[in-house]
Amino acid sequence: MYDPSQLRTFLAVAQTLSFTQAARRLGLRQSTVSQHVRRLEEATGRPLFTRDTHSVELTEDGEAMLGFARTILQAHERASAFFTGTRLRGRLRFGASEDFVVTRLPEILQSFRSEHPEVDLELTVELSGTLNARLEAGRLDLILAKRRADETGGELVWQDALIWIGSPQLRLDPDRPVPLIVFPPPGITRARALEALEAQGRAWRIACTSSSLSGNIAAARAGLGVMAHTRGLVPPGLSRVPARAGLPELGEVDFVLRKGRRGGATQRAADALAAAILAGGDRLHRPH
């Protein structure tokens, strides 16, 4: 009843909330993406998105279709692998930004392991800058990491805004330097926060530095300062800093998949895990 190519297009639009970004991810024309979505909506008899010139949002039926689309595509992939006789095996070194620890990434990895038990999966959790460096050095085969919105390279999983967050009880004194909670270099959110404050001419000081997301979250909950963070991944107990605090806008950040250059069995395993992450990409910015 449902065409797998249309379901893949639907997932790409649902995850990026952009027909343009979905077309770029899939290597299709935007008109083709629109056609796939229209045909899927005709097949279901329900609108899956509400859209205008500025935004794209899932309808309730679109939200329901997310789970069905993932299940259908996973069954399609399993059937294809069974009848072509291809079983993935080998060692895959996967790196992920710590942002994803509180999302559904563990569930996606667990599902991948159960479907491909002969792949020896090694997970590295690090800062995005460190993951990129290790990928370039050939020490990782696939990474899921942040990329500044003005950069290129990698396969877009989704795009989100960076915002300032902190304890709901925190009050910033406009006459004193902004207390910052940051990752050490080469953290992307650290660099963006400092650049934005410098451009605004706002004084700042480092109140806490930790390479651990949990450490930074603990410091923020304790009211030590504010931190730049992805809007869709705000941890419990923290909230967006009100606009009246006068902090500068931080722009957007991309979450992308990047692959190494090993080829062979490793490349096939990396392709399969990348496909699983893309299929479940909407769950990655929905915390437990």
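These remarks concern the structure in this document. Predicted model only: the values in this text are computed from it and were never measured.

**As for the overall build of the protein**
- When its secondary structure is counted, the protein shows nine helices and 11 strands.
- The C-alpha atoms of the protein give 20 Å as radius of gyration, which agrees with the globular expectation for 288 residues (19 Å, within 12%).
- When the backbone C-alpha atoms are referred to their principal axes, the protein occupies close to 65 × 45 × 30 Å.
- Of all 288 residues assigned to the protein, the portion counted as buried reaches 45%.
- Considering only intrachain contacts with a sequence separation of at least 6, the fraction spanning at least 24 residues in the protein is 76%.
- A total accessible area of about 14,200 Å² is found for the protein, and carbon and sulfur atoms account for 50% of it.

**Here's the deal with the packing of aromatic side chains**
- Inspection of the entire model under this criterion finds three aromatic pairs.
- Each ring, one from phenylalanine 10 and one from phenylalanine 49, has its centre 5.5 Å from the other, and the planes form 50°; the classification is tilted. Remark: phenylalanine 49 occurs in strand 1 (residues 49-51) and phenylalanine 10 occurs in helix 1 (residues 4-16); sequence separation between them is 39 residues.
- Of the residues examined, phenylalanine 49 reaches a relative accessible area of 4% and is grouped as buried.
- Ring geometry for phenylalanine 19 and phenylalanine 49: centres 6.2 Å apart, planes at 65°, overall edge-to-face. With phenylalanine 19 in helix 2 (residues 19-26) and phenylalanine 49 in strand 1, the pair connects residues that are 30 residues apart, well separated along the chain.
- The exposure class of phenylalanine 19 is buried, given its relative accessible area of 8%.

**A word on the nonpolar core**
- Within the largest apolar cluster, 40 residues are counted, with the highest numbers of intra-cluster contacts made by Phe94, Trp164 and Leu273.
- If sequence neighbours within four positions are ignored, leucine 273 has contacts with Leu92, Phe94, Leu109, Phe112, Leu121 and Leu142.

**Thoughts on the packing of helix 1 against helix 3 (residues 30-44)**
- Close contact between helix 1 and helix 3 brings their axes to 9 Å; oriented N to C, the two are set at 110°. Taken together, the axis directions place helix 1 and helix 3 in an arrangement best described as roughly perpendicular. Where helix 1 approaches helix 3, its residues Ser5, Gln6, Leu7, Thr9, Phe10 and Val13 are matched on the opposing element by Val33, His36, Val37, Arg39 and Leu40.
- Here the residues of the contact of helix 1 with helix 3 are counted per class, giving six nonpolar, four polar and one charged.

**Regarding the environment of alanine 22**
- Along the chain, alanine 22 turns up in helix 2.
- Residues alanine 22 and leucine 11 lie 11 residues apart in sequence; the distance between their C-alpha atoms is 8.6 Å.
- Other than its neighbours up to four places away in sequence, alanine 22 contacts Ala12, Val13, Thr16 and Val33.

**Section: the packing of helix 5 (residues 105-115) against helix 9 (residues 264-279)**
- Between helix 5 and helix 9, the least distance of the axes is 10 Å, while the angle of their chain directions is 135°. Between helix 5 and helix 9, the angle falls in the class oblique. The hand of the helix 5/helix 9 crossing is right-handed. Seen from helix 5, the contacting residues are Ile108, Leu109 and Phe112; seen from helix 9, they are Ala269, Ala272, Leu273, Ala276 and Ile277.
- Tallied by class, residues from the contact of helix 5 with helix 9 come to eight nonpolar, no polar and no charged.

**Thoughts on the environment of arginine 190**
- Looking at the element boundaries, arginine 190 is found in helix 7 (residues 188-200).
- The class of arginine 190 is buried, set by a relative accessible area of 18%.
- Distance from arginine 190 to leucine 180, taken between C-alpha atoms, is 9.1 Å for residues 10 residues apart in sequence.
- Non-local contacts of arginine 190, meaning those with residues more than four positions away in its chain, are made with Val182, Phe183, Pro184, Pro185 and Thr209.

**Comments concerning helix 1**
- Helix length check: helix 1, at 13 residues, gives a terminal C-alpha distance of 18 Å against a target of 18 Å (1.5 Å per residue), a fit within 8%.
- Buried residues of helix 1: Gln6, Leu7, Thr9, Phe10, Leu11, Ala12, Val13, Ala14, Gln15 and Thr16, and no others.
- Following helix 1 by one or two positions, leucine 17 has its phi on the positive side, about 50°.

**With respect to the pattern of salt bridges**
- All told, the structure shown has 10 salt bridges when counted by the stated rule.
- Where arginine 93 meets aspartate 141, a salt bridge forms, and the shortest distance between an N and an O atom there is 2.9 Å. Of this pair, arginine 93 sits in strand 3 (residues 90-97) while aspartate 141 sits in the loop between helix 6 (128-136) and strand 5 (142-148), placing them 48 residues apart in sequence. Each member of the pair, arginine 93 as well as aspartate 141, carries the same accessibility label: buried.

Scoring rules and cut-offs
Residues numbered from 1 in each chain as written. Predicted model: local features only at pLDDT ≥ 70, side-chain atom pairs only at ≥ 80, totals over all residues. Heavy atoms only, no water. Helix = DSSP H or I, 4+ residues; strand = E, 2+ residues; numbered from the N terminus. Rg over C-alpha atoms; globule rule 2.2 N^0.38 Å. Buried < 20%, exposed > 50% of the residue type's maximum accessible area, 1.4 Å probe, protein only. Contact = heavy atoms within 4.5 Å. Areas by Shrake-Rupley, 256 points an atom, 1.4 Å probe, with all protein chains shown as cover. Phe/Tyr/Trp six-rings, centres within 6.5 Å; stacked < 30°, edge-to-face > 60°. Core = buried A, V, L, I, M, F, W, Y, C linked by side-chain atoms within 4.5 Å. Axes fitted to C-alpha atoms, helices over the stretch in contact; angles between N-to-C directions. Parallel < 35°, antiparallel > 145°, perpendicular 65-115°, else oblique. Nonpolar A, V, L, I, M, F, W, Y, C, P; charged D, E, K, R; others polar. Left-handed = near helix turned anticlockwise from the far one by under 90°. Expected span 1.5 Å × (residues − 1). Salt bridge = Lys/Arg side-chain N within 4 Å of Asp/Glu carboxyl O.

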